[in-house]
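# Chains, contacts and geometry: an overview
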Amino acid sequence: MADVLQRLARCPVVVAPMAGGPSTAGLVLAASAAGALGFLAAGYKTAAAMRAEMDAVRAGRDAPFGVNVFVPGPPTDRAALDGYLAELGPDAAALGVAPGQPEWSDDDWDAKLAALLARPPAVVSFTFGCPEPGIIAALQAAGSVVWATVTTPGEAAIAASRGADGLCVQGPEAGAHRGTFTADRHAGTPAVPLRRLLADVAAVTSLPLIAAGAVMSRQDVTSALAAGAVAVQCGTAFLRCPESGAHPLHKAALADTQFPGTAVTWAFTGRPARGLVNRFMLDHPDAPSGYPEVHFATRPLRAAAAAAGDTGGMNLWAGEGHRAATTRPAAEVVALLSGGDG
Ligand SMILES: Cc1cc2nc3c(=O)[nH]c(=O)nc-3n(C[C@H](O)[C@H](O)[C@H](O)COP(=O)(O)O)c2cc1C
């Protein structure tokens, strides 16, 4: 952990893992060259695809980087999803596709852990839960620092008790999925803003905290560090960078004033996630929790909407600070956030 903390002391910026396309080896390499810590996003990928990206980063630069993995949850009761699957029918018909099979998947969990243990990256972070102590200890013994994403003091206490080295503290302002340990929309404690959450988490653990959620400027970084974080993890600030693999329509939408702002929705994936408010989100306000089944059910609809140029039907993940996201190269965004010269 000492090496990673030293690096963060020099440049307290982590370029967030962003699954679904935005995180590329190029973004990780650009972040790293600028002094930040870049992350690959293993979510939705096979272990083989994750390994190939790790190889690409290693081939480009001998520098520390992180890999983020989704922790699988329990399967969802199919009966709880049937109403929503019927509700998706007209959307699918309008796009000329059928909803996908609402399957459960562990996202290639065992194979990913094996690949990470075989060639450990500097940091492995988890979201959607916290692995058992034995898994964390094995990754640490292999040479990785292990972080867990938490959204409440209760989750922080669990991750600390299981041996995590650091916590990515994600406020409700953050773009895309909340890293809550449960997908259940009726469970959990009410969300509190990032700065208060940092204080609440610091009250239950002395682990290093990495602050995530609408950190878009040097001032936001200073404020998160003053609230007790050792670093910030920024996603939305890098979404429009040339090195980001986000869909061009997504990049453009982030700056498009026709979108009234962001909200948290279950409609696309069955897990709470913050994105630009659009037609699909407004049409399905009561979508059930059920990840990853809902993700697979809506996937053909989202792909067809993107192919048709229909941003109303795409998941346009964005944090509350999205209007400040620029199209400048990642190195310049790192410099802007860290106050360095990039
Ligand atoms: C498009 C997008 C995809 C994301 N994917 C992941 C992911 O795969 N794993 C993860 O731990 N966090 C993911 N996040 C959340 C970030 O780690 C971080 O919490 C968030 O970006 C912070 O808020 P901000 O977007 O306002 O900077 C994603 C964020 C965005 C914007």
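Throughout what follows, the structure given in this document is the object of discussion. For clarity, every value in this text was computed on a predicted model and none was experimentally measured. (Residues numbered from 1 in each chain as written. Predicted model: local features only at pLDDT ≥ 70, side-chain atom pairs only at ≥ 80, totals over all residues. Heavy atoms only, no water.)

## Quick notes on the side chain of Arg178
For clarity, the cut-off: Numbering of helices and strands runs from the N terminus; a helix is a DSSP stretch of H or I covering at least four residues, while a strand is a stretch of E covering at least two. Burial classification: accessible surface area is computed with a 1.4 Å probe over protein chains only, and a residue below 20% of its type maximum counts as buried, one above 50% as exposed, and the rest as partly exposed. Only four residue types enter the charge count: Lys and Arg as positive, Asp and Glu as negative, with His and the chain ends excluded. Salt bridge, as applied in this entry: a Lys or Arg side-chain nitrogen positioned within 4 Å of an Asp or Glu carboxyl oxygen.
Looking at the secondary structure, you find Arg178 in the loop between strand E7 (176–177) and helix H8 (194–202). No salt bridge is formed by the buried Arg178; the nearest opposite charge belongs to Glu155, separated by 6.8 Å.

## Some words on the site of the ligand
Worth spelling out the cut-off: The near set for a molecule or strand comprises every residue that places at least one heavy atom within 4 Å of it. The term polar contact refers here to a pair of N or O atoms within 3.5 Å; inside protein, the definition further demands a hydrogen-donor-capable atom paired with an acceptor-capable atom, and it admits residues adjacent in sequence only when both atoms are side-chain atoms. Accessible surface is estimated by sampling points in the Shrake-Rupley manner with a 1.4 Å probe; for residues, cover comes only from the protein chains shown. Three categories are distinguished: nonpolar for Ala, Val, Leu, Ile, Met, Phe, Trp, Tyr, Cys and Pro, charged for Asp, Glu, Lys and Arg, and polar for the others, with Gly belonging to the last.
Close to the ligand lie 21 residues; Pro17, Asn68, Ala214, Gln233 and Thr236 are nearest. Between Pro17 and the ligand, the recorded distance is 3.3 Å, taken from a backbone N or O atom to a nitrogen atom. Between the ligand and the protein, one listed contact pairs an oxygen atom with a backbone N or O atom of Gly175 at 3.2 Å. With the chains in place, 96% of the 600 Å² that the ligand exposes on its own is no longer accessible. At the level of elements, strand E3 (66–70), strand E9 (231–234) and helix H10 (236–239) are the ones that each hand at least two residues to the shell around the ligand. Looking at side-chain class alone, the shell around the ligand contains twelve nonpolar, nine polar and no charged residues.

## Regarding helix H1 (residues 2–10)
Just so we agree on the cut-off: It is the directions from the helix axis to the C-beta atoms whose arc is reported. Note on contacts: a residue pair qualifies if any of its non-hydrogen atoms lie within 4.5 Å across the two residues.
Looking at H1, one finds that the buried residues are Val4, Arg7 and Leu8. Looking straight down H1, one finds its buried side chains confined to an arc of 100 degrees; they lie on one side. Residues of H1 that are exposed and point over 90 degrees away from its buried face: Asp3, Ala9 and Arg10. On its buried side, H1 packs onto strand E1 (13–15), helix H2 (25–33), strand E2 (37–41), strand E4 (123–127), strand E5 (145–150) and E9.

## A closer look at the sheet that holds strand E11 (residues 273–276)
Under the convention used in this document: Should DSSP find at least two bridges between two strands, the strands are taken to pair.
Spatially, E7-E11-E10 is the arrangement adopted by the three strands of the open sheet, whose pairing is antiparallel. Bordering the open sheet on either side are E7 and strand E10 (262–265), each of which pairs with just one other strand. Of the pairings in the sheet, the one linking E10 to E11 comprises four bridges and is antiparallel in character. Each residue of the ladder has a partner; that of Ala263, found in E11, is Gly275.

## Side note on the pairing of strand E8 (residues 209–212)
We count it as follows: Orient the strands so they point away from the viewer, and a crossover whose first-strand-to-second-strand path over the helix runs clockwise is right-handed.
Of the two faces of E8, the one lined by Leu209 and Ala211 and the one lined by Ile210 and Ala212 are each fully buried. Pairing of E8 with E9, which is carried by three bridges, proceeds in the parallel orientation. When the sheet's bridge partners are listed, Ile210 is paired in E9 with Ala231. Regarding topology, helix H9 (residues 218–226) serves as the crossover connection from E8 to the parallel E9, and that connection is right-handed.

## Quick notes on the layout of surface pockets
This is how the line gets drawn: Here a cavity is any set of points on a 1 Å grid over the protein atoms alone where a 1.4 Å probe fits but cannot get out, and a pocket is any open set with protein on both sides within 12 Å along at least 5 of 7 lines; a residue lines the site when it has an atom within 4 Å of a point. Grid points are joined across faces, edges and corners, and a volume is the space filled by probe spheres set on the points.
Quantified by volume, the largest pocket comes out at close to 980 Å³. Lining the largest pocket are 48 residues, with Met18, Ala19, Pro22, Ala176 and Trp317 sitting closest to its centre. Broken down by secondary-structure element, the contributors of at least two residues to the lining of the largest pocket are E3, strand E6 (166–170), E7, E9, H10 and helix H13 (293–307). With five residues, H13 is the single largest residue contributor to the lining of the largest pocket. For the lining of the largest pocket, a count of residues per class yields 26 nonpolar, 20 polar and two charged.

## A closer look at the pattern of salt bridges
For the coordinates displayed, the defined rule picks out nine salt bridges. The partner of Asp82 in a salt bridge is Arg78, and the shortest N-O contact between them spans 3.2 Å. The exposure class assigned to Asp82 is partly exposed, which follows from its relative accessible area of 38%. For Arg78, a relative accessible area of 43% gives the class partly exposed. Between Asp200 and Arg196 there is a salt bridge, with its nearest N and O atoms 3.8 Å apart. Here Asp200 pairs with Arg196, and both are found in helix H8, just four residues apart, close to one helical turn.

## Topic: the packing of aromatic side chains
Note on aromatic pairs: each is described by the distance of the centres and the angle between the planes. Threshold: Only Phe, Tyr and Trp rings take part, Trp by its six-membered ring, and two of them pair if their centres are within 6.5 Å. Stacked means planes under 30 degrees apart, edge-to-face means over 60, and tilted covers everything else. Geometrically, a lysine NZ or arginine CZ counts as sitting over a ring once it is within 6 Å of the ring centre and also within 35 degrees of the ring normal.
Counted by the stated rule, this structure contains seven aromatic pairs. Geometrically, the ring pair formed by Phe268 and Trp317 is edge-to-face, given 5.7 Å between the ring centres and 90 degrees between the ring planes. Of this pair, Phe268 sits in the loop between E10 and E11 while Trp317 sits in the loop between H13 and helix H14 (330–338), and the two are 49 residues apart along the sequence. The residues Phe268 and Trp317 share a single accessibility class, namely buried. Taken together, the ring pairs connect Tyr44, Phe70, Phe128 and Tyr291 into an aromatic cluster. Here Arg271 stacks its cationic end above the ring of Tyr291, 6.0 Å away from the centre of that ring.

## A look at unusual backbone geometry
Note that the residue after Tyr291, namely Pro292, is joined by a cis bond; omega there is 5 degrees. Locating Pro292 in the fold gives a position in the loop between helix H12 (279–283) and H13. Even without being glycine, Tyr44 reaches a positive phi, approximately 70 degrees. Note that Tyr44 resides in the loop between E2 and helix H3 (47–60). We classify Tyr44 as partly exposed; its relative accessible area is 30%. In this structure, Asp107 is a non-glycine residue whose phi angle is positive, near 60 degrees. Residue position: Asp107 is located in the loop between helix H4 (79–95) and helix H5 (109–118). Overall, the relative accessible area of 16% leaves Asp107 in the buried class.

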